[in-house]
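# A closer look at the structure
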Amino acid sequence: DVCSSDLPPPPPPSTDLQELSTVEEFDEFIDNADASIVGAFTVKEMKDPSASMPTDWDEDEDGPWDAPTVENPALASLKSISGSMYGFRFAYSFDAEVLAKMKAKTDSLFLYRSPKFLSKEHGDRPRERFPSTKFTESAVTNWVNAKAQPLVGQYTYNTRDRYKGPVLIIFMNLDFEKNGQSVTYVLKRARKVAAGLKGKLAVAVAALSDLKYELEDYGLSSKSDTADILMGLKSGDDKYGAAGKKFDGKTLQVFADSFLAGELEPHVKPPYEPPAGDSASDEESDEDADKEEM
C-alpha cells in the first residue's frame, strides 16, 4: 500500500507547437483554463539575416550573391523554447486574419490569460506582448512565469511553480458547466480578498478532484468532491489548513490575515502507518511464531 500523498503527479500536457490556421482555431485555443502563448509570424521563411557574402566571392565569376533561405529565426526559436517549457501551451499563426485579430504587424509573441479566470474589474489584462522580437528561453520563461496567472487563477500540477511566494488555495468543484454558480460565488469573493493581498499573498483555486490526495498535507479532509469548499495555504514547505471553517469572504480574509500575522502553525502530518497485517513487524512476529512451533 502507498500513502496517497506519495502518488506521482500526472504527466504534463503535450508541448507540441500548434499551428492556428483560422480565427476559429485561435479562439478555441485561447479559451482554456490555463494561459496561452501564441506567436504571430508574417513569413515562414526568409533570407538568412545572419548570412554574409564569403570574402572570396567574385560576382564576375560566381554571379550575384544571394543569402540562403532559412526558416524564420523567430519561429525556430519558439519551436525550441516550447519544446523545453513543460506545462505551458504554445501555438503560432501565419494566417492574415488571425494576425489581424491579434493586431500583430510584425513578428510578435503574445500571452493570453485564461478567459475563464480573467477579471478586468480587478485589473487583469487579457493579454501581454513579449517586449522583444528576439525570443530566448530564459527571457520567455521568466516573462511567462511572471505574467501567466491572473489575480485568482487555477492552481494545478503545471501552474504551482508559477507561485513563487505563499499562496492560499481554495479547493472546490471547478466544473464551470455543472457547478458554475458556485464557481462564480467563490471567484467573486476570492478576487475581493486577493486584491487587498497583492504583494503579500497570492490566492488561487484548485479542482478538489484533481488534488484531493494532497488535502491531508494541510490537515484537511473531504466528504464530497462536488460540494466541499476547503481552504489551505502553502508557504515554502509549510502547509496550513482552515479545517472546520465554512468558506465565505470573511473566513477567507481571516485565514489570510492570520497567516500574515504569524498566528498559524503549519500542519504536521502524522507518519504513514501501514495497515495491520501488512507491516514488517507483523512479518517478524509470524516468523517468531513459526520458530516457536518448531
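Let us look at the structure shown here. The structure displayed is predicted, hence computed values, not measured ones.

The rules behind these values
All residue numbers here refer to positions counted from 1 along the written sequence of the relevant chain. Given that the model is predicted, a residue must reach a pLDDT of at least 70 before its local features are reported, and side-chain atom pairs must reach 80 or more before they are shown or counted; all residues, however, enter totals for whole chains, interfaces and linings. Water and hydrogen atoms were dropped before computing side-chain values, which therefore reflect all heavy atoms in the structure. Only rings of Phe, Tyr and Trp enter the pairing, Trp through its six-membered ring, and a pair is recorded when the two centres are within 6.5 Å. The plane angle decides the type: under 30 degrees is stacked, over 60 is edge-to-face, the rest tilted. Consider the ring centre and the ring normal. A charge sits over the ring if Lys NZ or Arg CZ is within 6 Å of that centre and within 35 degrees of that normal. Only the contacting stretch of a helix is used when fitting its axis, a line to C-alpha atoms as for every element, and angles between N-to-C directions run 0 to 180 degrees. To qualify as a helix, a DSSP run of H or I must reach at least 4 residues; to qualify as a strand, a run of E must reach at least 2; elements of each kind are numbered from the N terminus. Should the near helix be turned counterclockwise from the far one by less than a right angle, the crossing is left-handed, whereas a clockwise turn marks it as right-handed. Whether two residues touch is decided by their heavy atoms; if any such pair falls within 4.5 Å, the residues are in contact. Each residue is assigned to one class: nonpolar for Ala, Val, Leu, Ile, Met, Phe, Trp, Tyr, Cys and Pro, charged for Asp, Glu, Lys and Arg, and polar for all the others, Gly among them. At least two bridges found by DSSP between two strands are what make those strands a pair.

## Observations regarding the packing of aromatic side chains
This model, assessed by the stated rule, comprises twelve aromatic pairs. Aromatic pair Tyr92 and Phe94: ring centres 5.5 Å apart, planes at 75°, arrangement edge-to-face. Clustering of aromatic rings is evident, with ring pairs tying together Phe26, Phe110 and Tyr112. For the cation-ring pair, Arg89 lies above Phe29, with the distance from its terminal atom to the ring centre recorded as 4.1 Å. It is Lys116 that lies over the ring of Phe176; its NZ or CZ is 5.6 Å from the centre.

## Considerations on the packing of helix 6 (residues 180-195) against helix 8 (residues 249-260)
Look at helix 6 against helix 8: their axes get within 9 Å of each other, and the N-to-C directions meet at 35°. The handedness of the crossing between helix 6 and helix 8 is right-handed. Facing Arg189, Ala190 and Val193 of helix 6, the residues of helix 8 in contact are Gly249, Leu252 and Gln253. Of the residues contributing to the contact of helix 6 with helix 8, the split by class is three nonpolar, two polar and one charged.

## With respect to the sheet that holds strand 2 (residues 36-40)
Think of a sheet as strands paired side by side through backbone hydrogen bonds, with each pair either parallel or antiparallel. The five strands lie next to each other as 1-5-2-6-7, forming an open sheet whose pairing is mixed. Here the strands that pair on one side only, and so sit at the sheet edges, are strand 1 (18-19) and strand 7 (127-129). Pairing of strand 6 (residues 108-112) with strand 7, which is carried by three bridges, proceeds in the antiparallel orientation. Within strand 7, the residue paired with Leu111 across the bridge is Glu128. Here helix 1 (residues 23-30) sits on the sheet and contacts strand 1, strand 2, strand 5 (90-93) and strand 6; the angle it forms with strand 2, its principal contact strand, is near 150°.

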